[in-house]
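What follows is each chain in one-letter form.
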Amino acid sequence: MLNGIIAVSPHFGIVKWLWLINGFSLSVLWPSLIRLCSESLAKRDLTRSSIAIGTTVASGTLVIYGLSALYAVFNVFKLSFYTAAAADFAVAMVWLFTYDKAVSGARQLKAQEYTEAIQSNAKAQTVEEIGNLRMIRTLVAFLCVFAVGINLIKDGLNTWVPSVLKEAYGLPASISILLTLCLPMIAICGNAFALRVHKRIPDYVSQCAGTFAITGCIVMGILWSLNSRQVAVMLGGLALSSLLVSSLNSLVTSIFPMFMRNFVNSGMMAGVINGFCYLGSTISSYGLGFIADRKGWSAVFWTLLAFCVLACVLWGVYMIIRRTSSRLQKNGLVTQ
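Residues numbered from 1 in each chain as written. Predicted model: local features only at pLDDT ≥ 70, side-chain atom pairs only at ≥ 80, totals over all residues. Heavy atoms only, no water.

1. What about the overall build of the protein chain?
Logical step 1: Check the secondary structure of the protein chain and you find 14 helices and zero strands.
Logical step 2: Listing each helix as α and each strand as β along the protein chain from the N terminus yields α-α-α-α-α-α-α-α-α-α-α-α-α-α.
Logical step 3: Looking at the protein chain as a whole, 46% of its 336 residues qualify as buried.
Logical step 4: Restricting the contact set of the protein chain to residue pairs at least 6 apart, pairs at least 24 apart contribute 79%.
Logical step 5: Within the structure as shown, the protein chain displays about 17900 Å² of accessible surface, and the carbon and sulfur contribution to it stands at 68%. (Helix = DSSP H or I, 4+ residues; strand = E, 2+ residues; numbered from the N terminus. Buried < 20%, exposed > 50% of the residue type's maximum accessible area, 1.4 Å probe, protein only. Contact = heavy atoms within 4.5 Å. Areas by Shrake-Rupley, 256 points an atom, 1.4 Å probe, with all protein chains shown as cover.)

2. With respect to the pattern of salt bridges
Logical step 1: Tallied over the full model, the rule gives two salt bridges.
Logical step 2: We note a salt bridge from Lys154 to Asp155, for which the minimum N-O separation is 3.0 Å.
Logical step 3: The buried category is assigned to Lys154, whose relative accessible area is 12%.
Logical step 4: A relative accessible area of 16% places Asp155 in the buried class.
Logical step 5: Close ionic contact of Asp203 with Arg322 constitutes a salt bridge, the shortest N to O distance being 2.9 Å. Of the two residues, Asp203 sits in the loop between α10 (190–200) and α11 (204–228) while Arg322 sits in helix α14 (residues 297–330), which places them 119 residues apart along the sequence.
Logical step 6: The class for Asp203 is buried, based on a relative accessible area of 14%. (Salt bridge = Lys/Arg side-chain N within 4 Å of Asp/Glu carboxyl O.)

3. Describing the packing of aromatic side chains
For any pair of aromatic rings, the description rests on two quantities: the centre-to-centre distance and the angle between the ring planes.
Logical step 1: Taken as a whole and assessed by the stated rule, the structure comprises five aromatic pairs.
Logical step 2: Ring centres of Tyr204 and Phe256 lie 4.9 Å apart, and the angle between their planes is 80 degrees; on these two criteria the pair is classed as edge-to-face. Of this pair, Tyr204 sits in helix α11 while Phe256 sits in helix α12 (residues 231–259), and the two are 52 residues apart along the sequence.
Logical step 3: Overall, Tyr204 belongs to the buried group, its relative accessible area being 6%.
Logical step 4: Three or more aromatic residues joined by ring pairs form one cluster here, namely Phe146, Phe212 and Phe307. (Phe/Tyr/Trp six-rings, centres within 6.5 Å; stacked < 30°, edge-to-face > 60°.)

4. Some words on helix α4 (residues 43–73)
Logical step 1: In this model, α4 (31 residues) spans 47 Å end to end at C-alpha, consistent with the 45 Å of a helix rising 1.5 Å per residue.
Logical step 2: Largest kink in α4: about 30 degrees, centred on Thr56.
Logical step 3: Residue Asn75 follows α4 closely and has a positive phi angle near 60 degrees. (Expected span 1.5 Å × (residues − 1). Bend = angle between axes of the 7 residues up to and from the residue.)

5. Section: a nonpolar patch on the surface
Logical step 1: A cluster of nonpolar side chains, Val8, Leu70, Val73, Phe74, Val76, Leu79 and Tyr82, forms an exposed patch at the surface whose accessible area comes to about 640 Å².
Logical step 2: Note that Val76 resides in the loop between α4 and α5 (79–116).
Logical step 3: The partly exposed category is assigned to Val76, whose relative accessible area is 33%. (Patch = residues over 30% accessible without salt bridge, like charges linked within 9 Å, V, L, I, M, F, W, Y side chains within 5 Å.)

6. Some thoughts on the environment of Cys144
Logical step 1: Mapped onto the elements of the fold, Cys144 is located in helix α7 (residues 133–169).
Logical step 2: Taking the relative accessible area as the measure of exposure, Cys144 reaches 6% and is therefore buried.
Logical step 3: Put simply, Cys144 and Ile273 are 129 residues apart on the chain and 5.4 Å apart in space, counted from C-alpha to C-alpha.
Logical step 4: Aside from chain neighbours lying at most four places away, what touches Cys144 is Val272, Ile273 and Phe276.

7. Here's the deal with the nonpolar core
Logical step 1: Ranked by size, the top nonpolar core spans 59 residues in total, and within it Leu143, Phe146, Phe212, Phe256 and Phe301 carry the most contacts.
Logical step 2: Secondary structure elements with two or more residues in this core: α7, α10, α11, α12, α13 (266–295) and α14.
Logical step 3: Counting residues per element, this core draws most heavily on α7, at 18 residues.
Logical step 4: Those residues within four positions of Phe146 in sequence are excluded, and the remaining contacts are Val205, Cys208, Phe212, Ala311 and Leu314. (Core = buried A, V, L, I, M, F, W, Y, C linked by side-chain atoms within 4.5 Å.)

8. Remarks on the side chain of Thr215
Logical step 1: In this fold, Thr215 is placed in helix α11.
Logical step 2: Contact partners of Thr215, with chain neighbours within four places excluded, come to Ile153, Ser241, Leu244, Val245 and Cys308.

9. What to know about the packing of α11 against α12
Logical step 1: Two numbers describe how α11 lies on α12: the axes approach to 9 Å, and their chain directions differ by 160 degrees. By the angle between their axes, α11 is roughly antiparallel relative to α12. The two elements α11 and α12 cross, and the hand of that crossing is left-handed.
Logical step 2: In terms of residue class, the contact of α11 with α12 is made up of 20 nonpolar, eight polar and no charged. (Axes fitted to C-alpha atoms, helices over the stretch in contact; angles between N-to-C directions. Parallel < 35°, antiparallel > 145°, perpendicular 65-115°, else oblique. Left-handed = near helix turned anticlockwise from the far one by under 90°. Nonpolar A, V, L, I, M, F, W, Y, C, P; charged D, E, K, R; others polar.)

10. A closer look at the side chain of Asn191
Logical step 1: Note that Asn191 resides in helix α10.
Logical step 2: Asn191 has contacts with Ser50, Ile51, Gly54, Ser250, Ser254 and Ile255, leaving out every residue within four places of it along the chain.

11. Let's talk about α12
Count 3.6 residues to each turn of an α-helix, and residues three or four apart come out pointing the same way.
Logical step 1: Over its 29 residues, α12 runs 40 Å from end to end, which matches the ideal 42 Å to within 8%, given 1.5 Å per residue.
Logical step 2: If you look at α12, its biggest bend is around 40 degrees, right at Leu251.
Logical step 3: Taking burial as the measure, the 29 residues of α12 include 23 buried ones, the bulk of the element.

12. So, the environment of Ile5
Logical step 1: Note that Ile5 resides in helix α1 (residues 2–8).
Logical step 2: In this structure the C-alpha to C-alpha distance between Ile5 and Val15, which are 10 residues apart in sequence, comes to 8.5 Å.

Set out below in structure tokens:
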């Protein structure tokens with residue numbers, strides 16, 4: 001409804017407040033979905049559901065970027081809002097007619113799993129691997145900080161890449177948007193990539209830090225491409241960066257809350273971490289734009305590189321805390 005009103009609204013002052021209400025309404029959906037999945041799904045279905053949920057954001061971005069490019073060519077950009085309004089209504093109808101049957105079936109499977117599995121032993125093993133409850137709170141704190149940087153980079157790429165390609169390389173707006181379709185296309189694979197990496201690096205903070213380190217190296221390549229005006233290198237670096245940070249976004253907002261459902265309130269945890277994601281998105285929209293206006297696009301990518309370095313430093317701090325906590329727990333000085 002709000003998207004439809006925005007499309008016909010004649011004043012930007014009205015649009016910005018409607019967009020604020022629209023964003024607030026949508027922000028409630030993600031933690032609600034994560035909590036519903038955590039409470040309803042059997043353990044064996046968590047991985048598949050995480051992949052399915054994780055692809056939705058990138059898929060939606062891909063569709064709207066493609067349509068926006070098409071609408072821009074024909075100068076009918078307001079159709080983007082009509083398209084969103086129609087899609088929202090269709091999804092709402094599907095949800096209303098399928099919710100009860102889908103949730104009741106999932107909960108029956110979960111009830112069967114409880115009778116078959118020795119949950120207490122599995123839970124004890126997981127606690128031993130991750131540490132005491134105090135360490136879990138520390139883990140959450142670090143992931144919240146990382147969530148800011150993840151969305152600073154992810155939304156910075158999605159928001160500003162068309163402007164970078166247009167201003168730095170002189171490409172038309174429609175072509176810039178079309179080339180930017182590479183980012184959500186690659187990002188669709190982010191959740192599956194995050195799960196594959198997580199099997200090898202089970203510690204969430206270490207996975208984030210390693211991915212930030214690789215992303216930082218790629219950003220350095222992007223800086224070189226800006227100076228040498230190599231658009232192919234720029235696009236390749238942006239696509240790889242989008243894959244990596246999208247995988248981290250899935251890790252902290254869906255995989256972590258769902259897989260840790262025995263120890264945290266999944267919905268609340270997804271909401272808290274998602275709040276820090278929105279903080280990163282806000283900094284990306286306004287802060288990176290401000291830096292670009294004052295210092296140029298190279299300064300923007302130097303800012304992203306600086307956060308990647310900061311993430312590696314924070315990982316070092318986290319490892320010190322983790323080892324200290326583990327040693328104290330081993331000596332019986334810290335209780336669960």
